[in-house]
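This is what each chain is made of:
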Amino acid sequence: MAIESTGPNAEQISHWNGTFGQRWVELQEMLDAQIEPLGRTAQERARISQGEHVLDVGCGCGQSSLQIAKRVGTSGHVLGVDLSEPMLARAIERASGFEQASFEHADAQLFEFRASDFDLVYSRFGVMFFADPPAAFANLRRALKPGGRLAFVCWQTASQNQWILIPMLAIAQHVPLPPPPEPGTPGPMSLADTDHTRDILETAGFEDVAFEDRTGELSIGGGASLDATADFLMRMGPASRALGDVSEQQQQAARAAVREALAPFASDAGIKMTGSCWIVTARSPR
Ligand SMILES: C[S@@+](CC[C@H](N)C(=O)[O-])C[C@H]1O[C@@H](n2cnc3c(N)ncnc32)[C@H](O)[C@@H]1O
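Residues numbered from 1 in each chain as written. Predicted model: local features only at pLDDT ≥ 70, side-chain atom pairs only at ≥ 80, totals over all residues. Heavy atoms only, no water.

(A) Representation of the packing of helix α2 (residues 19-26) against helix α5 (residues 85-94). The N-to-C vectors of α2 and α5 enclose an angle of 25°; their axes lie 8 Å apart at closest approach. With respect to each other, α2 and α5 are oriented roughly parallel. The segment α2 lies against α5, with G21, Q22, W24 and V25 engaging P86, M87 and R90. For the contact of α2 with α5, the residue count by class is 4 nonpolar, 2 polar and 1 charged. (Axes fitted to C-alpha atoms, helices over the stretch in contact; angles between N-to-C directions. Helix = DSSP H or I, 4+ residues; strand = E, 2+ residues; numbered from the N terminus. Parallel < 35°, antiparallel > 145°, perpendicular 65-115°, else oblique. Contact = heavy atoms within 4.5 Å. Nonpolar A, V, L, I, M, F, W, Y, C, P; charged D, E, K, R; others polar.)

So, in structure tokens, the structure goes:
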């Protein structure tokens, strides 16, 4: 498998094929456990039936592709597409034995999918990283049959996500954080503003765009201990980029601050904090 490290999403290609993509593979079980309920809600809203053809965009290590494979059954098909080689390798390994699942190492913004091929375009947190979101969503819409559905889950703002905000504020006591991304640039919260996202989707040709607020308790790091969850957030959280080039002393101070900030949220079942995302649904015109 090879993907050109050029083009509009070159920065994301390098990010998800480098250390960060490798960390997703290492921490895949904790990540899956934390976000599985959110992806499952989006699958339920998508009303997936047996025999359908589904495109899973930014499928990563493949948990949602496998869940969809079970929902569509052997008479259906799921295609997982991702630009991260290490993550996709994990997905392919996990999907062994599922004939109805296949994977493509590609940039979903540019890949020439067969036109009118899919009943559903689905994504669990994989559609917030496009350099040109209207072009990318238009490309995905062309892959849908007339009347085909779009369903994805994306994060709301950092201030609406305790599990992002609290560790970030703790780390900021010891390490200067990078400036927040410019509005409209690729990143985990790039689709948080519903007016902006509606505009993108309507420009891309979608109809019946709807947003469901999914706010609730999340099991951070999938129910791991306080120490393991502090380490997890230091490596994966949105502030993790700030920790790349700092001294060992600053790292240790930041970690201790994150641990202390998480302690009030500890329970017998791990660290529980509030998270807010949008379940977004839309339809291609008939
Ligand atoms: C936050 S991760 C989510 C992974 C997976 N869906 C999950 O829930 O575990 C985002 C994923 O989107 C992928 N991605 C980002 N931009 C992409 C693009 N233009 N085309 C295909 N995949 C992309 C990344 O490589 C990464 O695997």
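There is more to say after this.
(B) Region of interest: the pattern of salt bridges. Counting across every chain of the model gives 13 salt bridges. Where E93 meets R90, a salt bridge forms, and the shortest distance between an N and an O atom there is 3.7 Å. Within this pair, E93 and its partner R90 are both found in helix α5, separated by 3 residues, close to a single helical turn. On the basis of relative accessibility, which here comes to 21%, the residue R90 falls in the partly exposed class. Ionic pairing is found between R114 and D117, a salt bridge with its closest N-O pair at 4.0 Å. Via salt bridges that share partners, D227, D231, R255 and R259 belong to a single interconnected network. (Salt bridge = Lys/Arg side-chain N within 4 Å of Asp/Glu carboxyl O. Buried < 20%, exposed > 50% of the residue type's maximum accessible area, 1.4 Å probe, protein only.)

(C) Just the site of the ligand, in detail. Inspection of the region around the ligand gives 19 residues, with G58, D82, D107, A108 and R124 positioned closest. Relative to its free-state accessible area of 590 Å², the ligand is covered by the protein chains to the extent of 98%. In terms of residue class, the shell around the ligand is built from 11 nonpolar, 5 polar and 3 charged. (Near = heavy atom within 4 Å. Areas by Shrake-Rupley, 256 points an atom, 1.4 Å probe, with all protein chains shown as cover.)

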